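Descriptive structure summary
Below are the chains, spelled out letter by letter.
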Amino acid sequence: MRDPRPHTGEPPALDLLNTRWAGAEPGDLLTDLDGLRTWLELIGLADRVPVDEHALTALHTARGAIHDAVTRADHTALNRVLDHGRIRRELTDEGPRDIPEVDDPVWLPGWLAADNLLHLITEAPHRIRQCAHPDCVLFFYDTSKNGTRRWHSMATCGNRTKAARHYAKSS
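Residues numbered from 1 in each chain as written. Predicted model: local features only at pLDDT ≥ 70, side-chain atom pairs only at ≥ 80, totals over all residues. Heavy atoms only, no water.

**Some words on the overall build of the chain**
Secondary structure summary: the chain contains 6 helices and 6 strands in total. Expressed along its principal axes, the backbone C-alpha trace of the chain runs to roughly 65 × 35 × 30 Å. Going through the 171 residues of the chain one by one, you find that 39% of them count as buried. A separation threshold of at least 6 residues defines the contact pool for the chain, and within that pool the share at least 24 residues apart is 47%. One way to put it: in the chain the 21 positive side-chain charges average out to a point 11 Å from where the 25 negative ones average out. (Helix = DSSP H or I, 4+ residues; strand = E, 2+ residues; numbered from the N terminus. Buried < 20%, exposed > 50% of the residue type's maximum accessible area, 1.4 Å probe, protein only. Contact = heavy atoms within 4.5 Å. Lys, Arg positive; Asp, Glu negative; His and termini not counted. Charge placed at Lys NZ, Arg CZ, Asp CG, Glu CD.)

**Here we look at the side chain of D15**
Tracing the backbone through its elements, the reader meets D15 in helix α1 (residues 12–17). Those residues within four positions of D15 in sequence are excluded, and the remaining contacts are R5, T8, G9, E10, W39 and I43.

**What about the pairing of strand β4 (residues 95–102)?**
Two strands pair when backbone bridges link them, and strand β3 (residues 85–92) and β4 are joined in this way by 8 bridges, in the antiparallel orientation. Bridged to R88 within β4 is I99. In this structure, the hairpin formed by β3 and β4 is closed by a connection of 2 residues. (Pairing = 2+ DSSP bridges.)

**Brief notes about helix α2 (residues 33–42)**
Within an α-helix, residues lying three or four positions from one another point in the same direction, as the helix has 3.6 residues per turn. Buried within α2 are the following residues: G35, L36, T38, W39 and L40. Each element contacted by the buried residues of α2 is listed here: α1, α3 (53–72) and α5 (108–123). Where α2 begins, the side chain of D32 points an oxygen toward the backbone nitrogen of D34, at a separation of 3.2 Å. Immediately beyond the C-terminal end of α2, within one or two residues, lies G44, with a positive phi of roughly 80°. (Polar contact = N/O pair within 3.5 Å; in protein donor to acceptor, adjacent residues only side chain to side chain.)

**A short note on the nonpolar core**
One recurring pattern in soluble globular proteins: nonpolar side chains tend to sit buried together. L14, L16, W39, I66, L78 and L117 are the most contacted members of the largest nonpolar core, which totals 41 residues. Sorting the residues of this core by element identifies α1, α2, α3, α4 (76–82), α5 and β6 (139–141) as the ones contributing at least two each. Here this core takes 8 residues from α3, the largest share from any one element. In contact with W39, not counting residues within four places along its chain, are R5, P12, D15, L16, T19, L29, L30, L59 and P109. (Core = buried A, V, L, I, M, F, W, Y, C linked by side-chain atoms within 4.5 Å.)

**Quick word on the pattern of salt bridges**
A complete count under the given rule lists 13 salt bridges for this structure. In this structure, the salt-bridge partner of D28 is R63, at a minimum N-O distance of 2.9 Å. Taken together, the residues D28 in strand β2 (residues 27–28) and R63 in helix α3 connect sequence positions 35 residues apart. On the accessibility criterion, D28 (22% relative accessible area) is partly exposed. On the accessibility criterion, R63 (3% relative accessible area) is buried. (Salt bridge = Lys/Arg side-chain N within 4 Å of Asp/Glu carboxyl O.)

**Focus: α3**
Spanning 20 residues, α3 covers 28 Å between terminal C-alpha atoms, matching the ideal 28 Å at 1.5 Å per step. Along α3, the residues that are buried comprise A55, L56, A58, L59, A62, R63, A65, I66 and A69. Close packing links the buried residues of α3 with α1, β1 (20–21), β2, α2, α4 and α5. Put simply, D52 is the residue that caps the front of α3, since its side-chain oxygen is 3.2 Å from the backbone nitrogen of H54. Looking one or two residues beyond α3, the residue adopting positive phi is A73, at roughly 55°. (Expected span 1.5 Å × (residues − 1).)

Written out as structure tokens, the structure is:
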């Protein structure tokens, strides 16, 4: 299965949020086990996480928790997801290494996404944004130099917004 999502390439926490999208053809990559398998392959965890209903439920839980933390500043559910794992640190010949450990492998992708959100919040919480187009539900991490990006994609939502504004002025 190819990745059908309209926007990819975001950090793991936001990429998980973007497994749901709106628009002309709304969708949810995580509606079934094929979609779960596709997403796990894309993030490099297909060989570490079972592709079953339990894993799908855990990922839905993590996605909801990240959404609540980003959109409502409600961190209760996010902390419950984070309770499923921890980072074990060790020193190797190559240098320090962080090893994520989870109580059940089905929690690994959701836990990693939740942990990634903590890093994004630590770095620049104001750069975690939802697309400004009123019909878009996608998220992005604003990496623009001046931090003023408004749309997940200028080619789609940005152009639609500007075209609508132009049409309204000319009518």
